[in-house]
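# Structural description and commentary
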Amino acid sequence: PDKSVIVARFHPPHNLSPAAVHFIDNEKTNDKTLTAALLSLAVKGHITITQLKKSYRIRKIATNKTNTLSKGERATKDQLFKGKKTQITLSKNPNSNLRNAKNKLQSVLKKELKNKCFLDNRFYVIWGWVISLICFFCGTLLIYNNTLSAFDLFFVMFAGSVFLTIAAAFFMVLPLFVGILLILIVAFNYLHFWQLLIDHQAWIMFSLFLLGTNLLFGYLLRAPTPFGRHIKDQIDGLKLYMKSAEERRLDMMNPPEQTIEHYENLLPYAVALELENQWAEKFSELISTEKVEAGGATYSSYQPSWYPVSYTHLTLPTIY
């Protein structure tokens, strides 16, 4: 679908959670998705994030405001504090709770939004691979049937099918390299096979062209649905508002009053869209209005209730 005209939006589209916004904007989940979900849980009053010397402590808060959470946020919270846990500590060391929460969030977001917002056009992609495999097998048979034994011919076809199947199944770089490595290790015992490859370089180049073409169009054929395109346009409008420096133009559009509450409510979305620095800059004057002195230095008196820290450590957590 065509992209529509982007206008500044002052609120998230369709009440989507920050994690959902990140997933739709990037068409995938990663550590940043979980970070946005955790920050949203904090802002909504379900957890607190305490910065320690080399780690962060996430503490569960007893509240009845479960209706304010999205499905993904509720699943993340339940997974983090599974059983009777009331707090967890995050550090540079691997954390199974965090990993399981990320996987659970990913599963919920994909189930809830993937088919609504994205099409991979898999039917056309599969037919592309089928036609390419037929071309590969037939070409291999025509070229090598007079020079290779039946077993060697089987090996060539089997190795090629494994190679293409790995590529088709995963569309990832690492499995491709693993598949190539396995094929080369097995083929190393067939020295005459290497000579045949050298003698038929044009066919090898054509086979690689088939592989590259299928991988390329496997990516290019992915497209948003009309609903997904609509949501992505609204997300772009939210981005425009967060990073816009043209305050006069925005004033003509009746933006909401710049308050601490408005800043906090959209902060998880700024993190999800990787605009936290621009968003903080827009509210820097508001946050620094009131000052306090401590230890011979002056600090902002703004201290979120969900992030209890001393004035000397007043920084947003980087937990991804």
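Quick look at the structure, then. Here the structure is a predicted model, which is why all the values come from computation and not from measurement. (Residues numbered from 1 in each chain as written. Predicted model: local features only at pLDDT ≥ 70, side-chain atom pairs only at ≥ 80, totals over all residues. Heavy atoms only, no water.)

### Topic: the overall build of the protein
Across its full length, the protein holds 14 helices and seven strands. For the protein, with 320 residues in total, the buried portion stands at 41%. Counting contacts in the protein only where the partners sit at least 6 residues apart, residues at least 24 apart contribute 69% of the total. Carbon together with sulfur atoms contributes 60% to the accessible area of the protein, which is approximately 19,000 Å² in total. (Helix = DSSP H or I, 4+ residues; strand = E, 2+ residues; numbered from the N terminus. Buried < 20%, exposed > 50% of the residue type's maximum accessible area, 1.4 Å probe, protein only. Contact = heavy atoms within 4.5 Å. Areas by Shrake-Rupley, 256 points an atom, 1.4 Å probe, with all protein chains shown as cover.)

### Concerning the packing of aromatic side chains
This structure, assessed with the given rule, holds seven aromatic pairs. Taking 4.8 Å as the distance between ring centres and 85° as the angle between the ring planes, the aromatic pair formed by Phe10 and Tyr241 counts as edge-to-face. Of this pair, Phe10 sits in the segment before α1 (18–26) while Tyr241 sits in helix α10 (residues 226–243), placing them 231 residues apart in sequence. Pair check on accessibility: Phe10 and Tyr241 agree, each one buried. Ring geometry for Tyr263 and Trp279: centres 6.4 Å apart, planes at 10°, overall stacked. Taken as a pair, Tyr263 in helix α12 (residues 260–272) and Trp279 in helix α13 (residues 276–282) lie far apart in primary sequence, 16 residues in all. Residue Tyr263 is classed as buried on the basis of its relative accessible area of 4%. Classification of Trp279 as buried rests on a relative accessible area of 0%. Members of the aromatic cluster, each reached through a chain of ring pairs, are Phe10, Tyr241, Tyr263, Trp279 and Phe283. (Phe/Tyr/Trp six-rings, centres within 6.5 Å; stacked < 30°, edge-to-face > 60°.)

### Re the packing of helix α2 (residues 31–43) against helix α3 (residues 71–80)
At a closest axis distance of 10 Å, the pairing of α2 and α3 adopts a crossing angle of 90°. Between α2 and α3, the crossing angle belongs to the class labelled roughly perpendicular. Contact residues: Leu34, Leu38, Ser40 and Leu41 in α2; Glu73, Thr76, Lys77 and Leu80 in α3. (Axes fitted to C-alpha atoms, helices over the stretch in contact; angles between N-to-C directions. Parallel < 35°, antiparallel > 145°, perpendicular 65-115°, else oblique.)

### Details of the nonpolar core
One recurring pattern in soluble globular proteins: nonpolar side chains tend to sit buried together. Of all hydrophobic cores here, the largest spans 49 residues; its most connected members are Ile24, Leu38, Ile47, Leu113, Met242 and Trp279. Counting only elements with at least two residues in this core, the list comes to α1, α2, β1 (47–51), β2 (56–60), β3 (87–90), α4 (96–117), α10 and α12. It is α2 that contributes the most residues to this core, seven residues altogether. (Core = buried A, V, L, I, M, F, W, Y, C linked by side-chain atoms within 4.5 Å.)

### Topic: the environment of Asp2
Among the secondary structure elements, Asp2 is positioned in the segment before α1. You can call Asp2 exposed: its relative accessible area is 74%. Placed 224 residues apart in sequence, Asp2 and Pro226 show a C-alpha to C-alpha distance of 8.8 Å.

### Some words on the side chain of Glu73
Examined against the element boundaries, Glu73 turns out to sit in helix α3. Not counting residues up to four positions away in its chain, the partners in contact with Glu73 are Ser17, Pro18, Ser40, Leu41, Lys44 and Thr68.

### With respect to a nonpolar patch on the surface
On the surface, a nonpolar cluster with roughly 750 Å² of combined accessible area is contributed by Phe123, Tyr124, Ile126, Trp127, Val130, Ile131 and Ile134. With respect to the helices and strands, the residue Phe123 is situated in helix α5 (residues 122–144). (Patch = residues over 30% accessible without salt bridge, like charges linked within 9 Å, V, L, I, M, F, W, Y side chains within 5 Å. Salt bridge = Lys/Arg side-chain N within 4 Å of Asp/Glu carboxyl O.)

### Some details on helix α9 (residues 201–220)
Between its terminal C-alpha atoms α9 stretches 28 Å, which fits the 28 Å expected from 20 residues at 1.5 Å a residue. Along α9, the positions that sit buried rather than exposed are Trp203, Ser207, Leu210, Leu211, Asn214 and Gly218. Considered in projection along α9, the buried side chains sweep an arc of 90° and stay on one side of the axis. Exposed residues lying more than 90 degrees from the buried face of α9 are Gln201, Ala202, Met205, Phe209 and Tyr219. (Expected span 1.5 Å × (residues − 1). Arc of directions from axis to C-beta.)

### Things to note about a positive patch on the surface
Side chains of Lys71, Arg74, Lys82, Lys104, Lys111 and Lys116 sit close together on the surface and give a patch of like positive charge. With three residues, the single largest contributor to the positive patch is α4. By the secondary structure assignment, Lys116 is in helix α4. Lys116 sits in the exposed class, given a relative accessible area of 52%. (Lys, Arg positive; Asp, Glu negative; His and termini not counted. Charge placed at Lys NZ, Arg CZ, Asp CG, Glu CD.)

### Thoughts on the sheet that holds β2
With antiparallel pairing, three strands are arranged side by side in an open sheet as β1-β2-β3. The two strands at the open ends of the sheet, each matched to only one other strand, are β1 and β3. Across the sheet, the mean angle separating the axes of adjacent strands is 20° when strand polarity is ignored. As defined by bridge partners, β2 adjoins β3 across four bridges and the pair is classed as antiparallel. Across the sheet, the residue bridging to Ile58 is Ile88, located in β3. (Pairing = 2+ DSSP bridges.)

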